[in-house]
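Understanding the architecture of this molecule
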Number of protein chains: 2
Amino acid sequence: MLYYTLVFLFISLVSCQPTPISGPLITPLPQTYTFGSGVIRLNTGFFDIAANIESDLLNNAILRYQKLFFPFGVGYPTNNPIATLNIKVSSDSEILQLYVSENYTISVEMVGQSPQLEIIADTIFGAMRALETFSQLISYDAQSQSYSIPFVPIYIDDFPRFPWRGLQIDTGRHFIPTSFLMHIIESCAYSKLNTLHWHVSDGESFPAESKSLPNITLGAFGPLAIYTIADMEEIVAYGLSWGVRVLPEFDVPAHSFSWSTAFPGIMANCPGDSDLDGWPLSPALPEAYDLISKIYTDMSEIFIDKYFHSGGDELPYACWDNDPVIANWMTQNNFSTTQAEQYFEDQITNILDGLQKTKVIWHDPFANGCEVRKDTVLQVWDNAQMAQQVVNAGIRAIVSYDWYLDMQIPVPGHTHYEYEDTWLDFYAADPLMGVTTNTELVIGGESCMWGEQVDHRNFDVRVWPRTIAIAERLWSNENVTDTNKALTRFDPFSCHISNRGINSGPLYPDYCLLTSDFSQYSHQPRFKLTKEQIKNIYNSQK
Amino acid sequence: MLYYTLVFLFISLVSCQPTPISGPLITPLPQTYTFGSGVIRLNTGFFDIAANIESDLLNNAILRYQKLFFPFGVGYPTNNPIATLNIKVSSDSEILQLYVSENYTISVEMVGQSPQLEIIADTIFGAMRALETFSQLISYDAQSQSYSIPFVPIYIDDFPRFPWRGLQIDTGRHFIPTSFLMHIIESCAYSKLNTLHWHVSDGESFPAESKSLPNITLGAFGPLAIYTIADMEEIVAYGLSWGVRVLPEFDVPAHSFSWSTAFPGIMANCPGDSDLDGWPLSPALPEAYDLISKIYTDMSEIFIDKYFHSGGDELPYACWDNDPVIANWMTQNNFSTTQAEQYFEDQITNILDGLQKTKVIWHDPFANGCEVRKDTVLQVWDNAQMAQQVVNAGIRAIVSYDWYLDMQIPVPGHTHYEYEDTWLDFYAADPLMGVTTNTELVIGGESCMWGEQVDHRNFDVRVWPRTIAIAERLWSNENVTDTNKALTRFDPFSCHISNRGINSGPLYPDYCLLTSDFSQYSHQPRFKLTKEQIKNIYNSQK
């Protein structure tokens, strides 16, 4: 929205300069759009959103955006004409999965004295993306307390460049309350990210309740730091209601020490390694596989997405090598350590096959020389050379290198005066940079907010506005690279989401007019679901 | 407080490790303290704080801490004995100024069955510091919902290493609402910082109302981005009520373009310089000095501290040299550019003398070769060599180099994996490192949060927990440098202030139990003053 004073003159210390406004400011930038110079004044009392299909999920989204379109209240009553935003969706399917169409078009024009506002989409999820875009077309004038759509007529034809556009979070290192996870889901949807990669457990804690193994949460930080089954179901349903897949990660064999609080004896013994963060499970114990199978079975019911992340990163080989029991087991089986890893990963694949889940892992086993089945998705945290190797092997890749939000210097050698300007490095990091063949197997990427020094107190500020740059890189055309033009859009977009309670700071000197709601939602979701709605959303995915 | 689960085992990626808890966790670390192994259980219903003097300011502080001692509510009623914290203050003066004593002692012991709790301080401000320390001695047990003081008996004898311990903020680049400035003042007091250096105006905006020149706020970002006189008085009074001096900065001659919105024609003409952020006033125009005099006179009434910061940084000499009017004026007066700067600074000194204010400026005029009167305080942003030169000239210095919170790499060459670990660089930067003579003239320092990319949406997270390291460096003994021990205290302290609504994140994997109040105060002050109180506090300073 344009409810916002842009100041172009002062760019002290900021390494790129916003270009003057010359059209609607939409983030991520649509694939194609045109605009004019007219204005449609809106009458909040006579503004409707109508859809051509019956869908609870779409109706939820419409109710949300009826509020989000007019963040500063109803404004002064005017005699502007009645306006209806007509949504036409081809399919009434409510199934959210990777590769679902998110395409949409928007047209905003005056026909005679009458505003014609239209969204056309293949799916309800495309319609959700369109509603977000539409909200960014509406401008608020604080002086007259009125809303309008400038730059009319507007025609937008939009679709994502990559189907997998994620934000990875980490509740293994710090517990983040359920309400805040829903807040995070909103922030994803606002920037058209469609995947919340939830790294649930790590060496430090296991915060997820398990139906069949209730003791597993003895590995949580404490009794108040646990996600109940109902909590997780609410998070998954909340994600679906915003068109955001929730991909769970229960990391094995490393980063799993917390599993052993309830089940001692399943870990490898790593003599001399005091950093328990990365301690792995033993590959030699049937009990370990049995435990994983039970946990994954329970979690598969809750996390209904077809993909399931089993981690697989940073296995400390020395720890397996130096454990006499494991070493002996490897000798008996004639396994090298890599073969032991292969054996472990094969058991995980079997478990996930049984649960009809597609495996996602970090690229490490592949890099170690394990064979990886072609239906796997490999998340590459290393570099483009590794991504190239992955896709050359015919395996799909999602990329995360260069997008580690926790790092002081996220891209080696790239530094700025101001820390927030690391968004420029994220923006420059194209997923296909350095990947020249089999590029169609790069299906997206993820912004990673590891949790060693992050919880709900500082999450928003560590993630936003910098992840806007990543969201645009994953959605918009690859030739959208002008940082000055991006700055002109990103800073108002940061203000736009701040008005919905996301603590996303500014990128250059200016003024962001905030609603009085800002603080109210800063640690909360804006729109809670009822228990009935959660149940219905789950049922809709069957 | 100890209401908090420490996890020592997992330190992945964090470059130092907390040491195990072996006594009270107080931040900043007191100068001397001893402790035992006893426990005093507290009964919140029978806990009093009593003072030996009548002081509205001290009474305010007592009322605040009666709440802050017990953040998780009253807990379960117990039959623990009545306890009174007795405060004995030598002076009932309410005057807050640089060099006021902040010394205090605390003793916590059992005499028979009776808790003896005592604070002794020279001044009410020392008593405020003691109350904050005392709040950190109280531990909350979530399971039994009860409070206690462990490690009894405790004896603390504490005083600050430096008298000037500041946080610098910048409302010239982004407007920060009055309520949030009061929130910032609280965060300063919690960490025993005693100075809020308020860089009010800059090239981008002039947000302060002036009694004699009401048009000056035409240079604000907009009509909603203005501090009224009442706002500023409230902020100053709020600071006093927490023992925090509010030092105003109205930066001249550079960083003043916003003055010219209401008063065009007072600026130097900088041909070819498109960055208006640093444009300076003209030194050749009597109108410019008249304007400054009026603004400074108005602001001196509001900002009652004896010190007044007039900026003086980053004067672009070329801009004065290349302006024909200024060049001509310099020729007529036989001035070099440095002499012109000297002339300008002398006029400022005269204005401030007339207002009975002591001048504070950045070190730039001194570095440029201007003579600086010995009663000035120079804020050094460059490096220790410059600080050494300043004190060698017999001038007091406050240091800020190495403490720029906005920078990606705050200390050149010092980098970490995680961004938050820049606290280690701040902690290592002793104000006397590289200053070997006249060290008594280094009177403190300031943590600087420049505002190009910061406003109230992201302020807390950009400042905290990293400024804890700076606050301790300025308060505690210079030999307190163990980063592992610091980590053991800083992380719980971050949780401690988070429970008061400061969004200060974690430093390593652990769990911070937060009160339900957390979000409520995250963009607000916790304790507002009435108009009557604001008036009384102003009167108390006469």
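Since the structure is predicted, the reported quantities are computational estimates derived from the model, not experimental observations.

Regarding the pairing of strand 16 (residues 377-380) of chain A
Residue and element names in this part refer to chain A.
- Residues Val377 and Gln379 point to one face of strand 16 and Leu378 and Val380 to the other, with burial holding for every one of them.
- Pairing geometry for strand 15 (residues 358-362) and strand 16, over 3 bridges, is parallel. When the bridges of strand 16 are listed, Val360 appears paired with Val377.
- Pairing geometry for strand 16 and strand 17 (residues 396-399), over 4 bridges, is parallel. Note that in strand 17 the partner of Gln379 across the bridge is Ile398.

Description of the sheet that holds strand 9 (residues 146-152) of chain A
All names here are of chain A.
- If you trace the 3 strands from one edge of the open sheet to the other, you get 3-9-8, paired in antiparallel fashion. This sheet does not close on itself; its edge strands, each paired only once, are strand 3 (38-42) and strand 8 (139-141). Adjacent strand axes in the sheet meet at a mean angle of 35 degrees, parallel and antiparallel pairs treated alike.
- Across 5 bridges, strand 3 lies against strand 9 in antiparallel orientation. Following the sheet pairing, Ile40 is matched in strand 9 by Ile149.

Description of the pattern of salt bridges
- Tallied over the entire structure, the rule returns 44 salt bridges over all chains.
- Across the salt bridge formed by Asp305(A) and Arg245(A), the nearest N and O atoms sit 2.9 Å from each other. Highlighted residues: Asp305(A) in the loop between helix 5 (286-302) and strand 14 (307-311) and Arg245(A) in strand 13 (residues 245-252), separated in sequence by 60 residues.
- You can call Asp305(A) buried: its relative accessible area is 6%.
- The class of Arg245(A) is buried, set by a relative accessible area of 2%.
- For Arg373(B), the salt bridge is made with Asp375(B), and the minimal N-O distance between the two is 3.1 Å.
- Bridged by salt links that share partners, the residues Asp170(A), Arg173(A), Asp202(A), Glu204(A), Asp277(A) and Glu452(A) form one connected network.

Examining the UniProt feature "domain: Beta-hexosaminidase eukaryotic type N-terminal" (unreviewed entry) in chain A
- When the UniProt feature table is mapped to this numbering, "domain: Beta-hexosaminidase eukaryotic type N-terminal" (unreviewed entry) covers residues 26-137 of chain A.
- Helix makes up 22% of residues 26-137 of chain A and strand 32%, with an end-to-end C-alpha separation of 7 Å.

Focus on the domain arrangement of chain A
Residue and element names in this part refer to chain A.
- In terms of domain boundaries, chain A breaks down into domain 1 (32-158) and domain 2 (194-373).
- Domain 1 and domain 2 are separated by 43 Å when their C-alpha centres are compared.
- Each partner contributes residues to the interface: domain 1 has 13 residues there, and domain 2 has 11 residues.
- Carbon and sulfur atoms make up 56% of the area that domain 1 and domain 2 hide from each other, which totals about 1,000 Å².
- A per-residue breakdown of the area domain 1 buries against domain 2 is headed by Arg64, Leu96 and Gln97, which together make up 49% of the total.
- Between the two partners, domain 1 and domain 2, sit 0 salt bridges.
- At the boundary of domain 1 with domain 2, the tally comes to 4 residue pairs in polar contact (both at pLDDT 80 or more).
- At the level of elements, helix 1 (56-68) and helix 2 (124-135) are the ones that each hand at least two residues to the side of domain 1 that touches domain 2.
- By residue number, the principal contributor to the side of domain 1 that touches domain 2 is helix 1, which donates 5 residues.

Remarks on the packing of helix 5 of chain A against helix 8 (residues 337-354) of chain A
All names here are of chain A.
- As a packed pair, helix 5 and helix 8 sit with axes 10 Å apart at the nearest point and diverge in direction by 35 degrees. The hand of the helix 5/helix 8 crossing is right-handed. Two secondary-structure elements touch here, helix 5 through Tyr289, Ile292, Ser293 and Tyr296 and helix 8 through Tyr343, Phe344, Gln347, Ile348, Ile351 and Leu352.
- By residue class, the composition of the contact of helix 5 with helix 8 is 8 nonpolar, 2 polar and no charged.

The rules behind the values
Residues numbered from 1 in each chain as written. Chains lettered and ligands numbered in written order. Predicted model: local features only at pLDDT ≥ 70, side-chain atom pairs only at ≥ 80, totals over all residues. Heavy atoms only, no water. Buried < 20%, exposed > 50% of the residue type's maximum accessible area, 1.4 Å probe, protein only. Helix = DSSP H or I, 4+ residues; strand = E, 2+ residues; numbered from the N terminus. Pairing = 2+ DSSP bridges. Axes fitted to C-alpha atoms, helices over the stretch in contact; angles between N-to-C directions. Salt bridge = Lys/Arg side-chain N within 4 Å of Asp/Glu carboxyl O. UniProt positions renumbered as here; feature names shortened; annotations may be inferred. Domains from an automatic or database assignment. Contact = heavy atoms within 4.5 Å. Buried area = accessible area lost by both parts, 1.4 Å probe. Polar contact = N/O pair within 3.5 Å; in protein donor to acceptor, adjacent residues only side chain to side chain. Left-handed = near helix turned anticlockwise from the far one by under 90°. Nonpolar A, V, L, I, M, F, W, Y, C, P; charged D, E, K, R; others polar.

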